[in-house]
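If you want the building blocks of each chain, they are given just below.
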Amino acid sequence: MKRKPKSIDCKEFTRLMPLWLSDELKGRKAYQFLEHMDNCAECREELHIQFLVIEGTARLESAASFNLDEELDNKVRLYREKLNSSRILNGVIYTLEAISVAILVWVMSLVIATL
Ligand SMILES: [Zn+2]
């Protein structure tokens, strides 16, 4: 009884995983990626393993202690914050555009009135 993901499937998730892990996944895809991760325990587990393998291998020679579980959580949180702020920014840009169009229409009507 696997829950059917809304946007991307497990195959797509697996394909995007290396991109996400190297911070190259952006925008809508990143959003869909996190959404699938929330809805699919198998992929969440797979991502966890991949993260441990990649980050763990990269730091085998580093003497510093590290907590990879916590780092994955942090990475997911950062991604969510980034996506949220870009959504807010898009909203602001949209509002500014609407205002500038309104001003333009107003100026145009003044110009036409003086003709
Ligand atoms: Zn999945």
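Residues numbered from 1 in each chain as written. Predicted model: local features only at pLDDT ≥ 70, side-chain atom pairs only at ≥ 80, totals over all residues. Heavy atoms only, no water.

Asks: Sorry if this is basic, but what is going on with the overall build of the protein here?
Replies: Per the secondary structure count, the protein includes 4 helices and 0 strands. Looking at the protein as a whole, 23% of its 115 residues are labelled buried. As displayed, the protein offers around 8,700 Å² of accessible surface, 62% of which is attributable to carbon and sulfur atoms. (Helix = DSSP H or I, 4+ residues; strand = E, 2+ residues; numbered from the N terminus. Buried < 20%, exposed > 50% of the residue type's maximum accessible area, 1.4 Å probe, protein only. Areas by Shrake-Rupley, 256 points an atom, 1.4 Å probe, with all protein chains shown as cover.)

Asks: I keep staring at helix 3 (residues 41-58) and nothing clicks. Help me out?
Replies: Owing to its 3.6 residues per turn, the α-helix aligns residues three or four sequence positions apart on the same side. When the terminal C-alpha atoms of helix 3 are compared, their 26 Å separation across 18 residues agrees well with the 26 Å that a helix rising 1.5 Å per residue should span. Along helix 3, the residues that are buried comprise C43, L47, F51 and G56. (Expected span 1.5 Å × (residues − 1).)

Asks: Just to check I follow, could you spell out the pattern of salt bridges for this structure?
Replies: Should the charged atoms of two oppositely charged side chains come close, the side chains can pair. Applying the stated rule across the entire model yields 5 salt bridges. Residues joined by salt bridges that share partners form a network here, namely E12, R15 and K29. (Salt bridge = Lys/Arg side-chain N within 4 Å of Asp/Glu carboxyl O.)

Asks: I'm lost on the coordination of the zinc ion in this one. Help?
Replies: A four-donor tetrahedral metal ideally has 109.5 degree angles, and a six-donor octahedral metal ideally has angles of 90 or 180 degrees. Protein coordination at the zinc ion: the donors are C10 (SG), H36 (NE2), C40 (SG) and C43 (SG), at 2.1 to 2.3 Å from the metal. Each of the 4 donor atoms bound to the zinc ion contributes to angles spanning 97 to 116°, and the resulting shape is tetrahedral. Every donor residue of the zinc ion comes from the same chain, spaced as C-x25-H-x3-C-x2-C. Given a relative accessible area of 8%, C40 falls into the buried group. For C43, a relative accessible area of 5% translates into the label buried. (Donors = N, O, S within 2.8 Å, 3.2 Å for Na, K, Ca; no water. Tetrahedral: all angles 85-135°; square planar, octahedral: opposite > 155°, others 65-115°.)

Asks: Help me out: how do you make sense of the nonpolar core in this one?
Replies: For soluble globular proteins, the rule of thumb is that nonpolar side chains tend to be buried together. Ranked by size, the top nonpolar core spans 20 residues in total, and within it F13, W20, L25, F33, L34 and L47 carry the most contacts. If near-sequence neighbours (up to four positions away) are discounted, F33 is found in contact with I8, F13, L16, M17, W20, L25 and L47. (Core = buried A, V, L, I, M, F, W, Y, C linked by side-chain atoms within 4.5 Å. Contact = heavy atoms within 4.5 Å.)

Asks: What is the right way to look at unusual backbone geometry in this model?
Replies: In terms of backbone geometry, most residues other than glycine have negative phi values and most peptide bonds are trans. Of note in this structure, D23 is not a glycine but carries a positive phi near 65°. Note that D23 resides in the loop between helix 1 (10-21) and helix 2 (27-39).

Asks: Would you mind showing me how to read the confidence of the model for the protein here?
Replies: Looking at the protein, the pLDDT average stands at 85 and 90% of residues meet or exceed 70. Mean pLDDT per element in the protein: helix 4 (residues 68-114) is the minimum at 85, and helix 1 is the maximum at 95. (pLDDT = per-residue confidence, 0-100.)

Asks: It is not clear to me how the environment of D38 should be interpreted in this structure. Could you clarify?
Replies: Summarising the element assignment, D38 is placed in helix 2. Residues contacting D38, with those up to four places away along its chain left out, are R44 and R80. A polar atom in the side chain of D38 sits 3.0 Å from the side chain of R80. (Polar contact = N/O pair within 3.5 Å; in protein donor to acceptor, adjacent residues only side chain to side chain.)

Asks: Even after reading the chapter, I still don't get helix 2, so can you show me in this structure?
Replies: Spanning 13 residues, helix 2 covers 19 Å between terminal C-alpha atoms, matching the ideal 18 Å at 1.5 Å per step. Among the residues making up helix 2, those that are buried are A30, Q32, F33, L34, E35, H36 and M37. The secondary structure elements touched by the buried residues of helix 2 are helix 1, helix 3 and helix 4.

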